Amino acid sequence: MDQTFSKLFITGGVAGVLGGAVSFLVWWIATLVGMSDQVNVMGQGMQALAWYQFIVFGMFSGFGGGVVAGLLRSRDNGPRVFTIISVIVLVLSFATPLVDQAATEWFTKIVLLATHVIVFLAVVPTLRQRMA
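We now turn to the structure provided with this report.

What counts as what
- Residues numbered from 1 in each chain as written.
- Predicted model: local features only at pLDDT ≥ 70, side-chain atom pairs only at ≥ 80, totals over all residues.
- Heavy atoms only, no water.
- Phe/Tyr/Trp six-rings, centres within 6.5 Å; stacked < 30°, edge-to-face > 60°.
- Helix = DSSP H or I, 4+ residues; strand = E, 2+ residues; numbered from the N terminus.
- Buried < 20%, exposed > 50% of the residue type's maximum accessible area, 1.4 Å probe, protein only.
- Lys NZ or Arg CZ within 6 Å of the ring centre and 35° of its normal.

**Topic: the packing of aromatic side chains**
Piece 1. The final tally for this structure, using the stated rule, is four aromatic pairs.
Piece 2. Seen in terms of ring centroids, F9 and F63 are 4.5 Å apart; in terms of plane orientation they differ by 15°. Their pairing is stacked. Of this pair, F9 sits in helix α1 (residues 5-32) while F63 sits in helix α2 (residues 51-72), and the two are 54 residues apart along the sequence.
Piece 3. Taken together, a centroid distance of 6.0 Å and an interplanar angle of 55° make the contact between F24 and F54 tilted. Of this pair, F24 sits in helix α1 while F54 sits in helix α2, and the two are 30 residues apart along the sequence.
Piece 4. Exposure remark for F24: the relative accessible area of 24% places this residue in the partly exposed category.
Piece 5. K109 extends its terminal NZ or CZ atom over the ring of W106, reaching a point 4.2 Å from the ring centre.

Pasting the structure below:
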């Protein structure tokens, strides 16, 4: 089945929203067991993350992945290139929970890193499968 750019874009967005929702659930459960919800937000100091930030992060990640998948959909090595780009973006995204987060607890940082991986696992395999 030939996937159009718009189908991959929408699929990425939906997968991203779902990944963001699962990420928020993981975050919420971690706070229930005692994890601090405080992170250093650039220019604002220590703040609690809101539920919608996980959904929005996931959605934009999914739409971004959908754009890249859409642009690579016709290439023979498109799924492989898409995966490589996605892994690079995932690794770069790890900087946000780690850089300038001296006041953020390590358990919180680890859960934030896990939420990035959750969105990755929701978006990338879904789009890669649609591209194949």
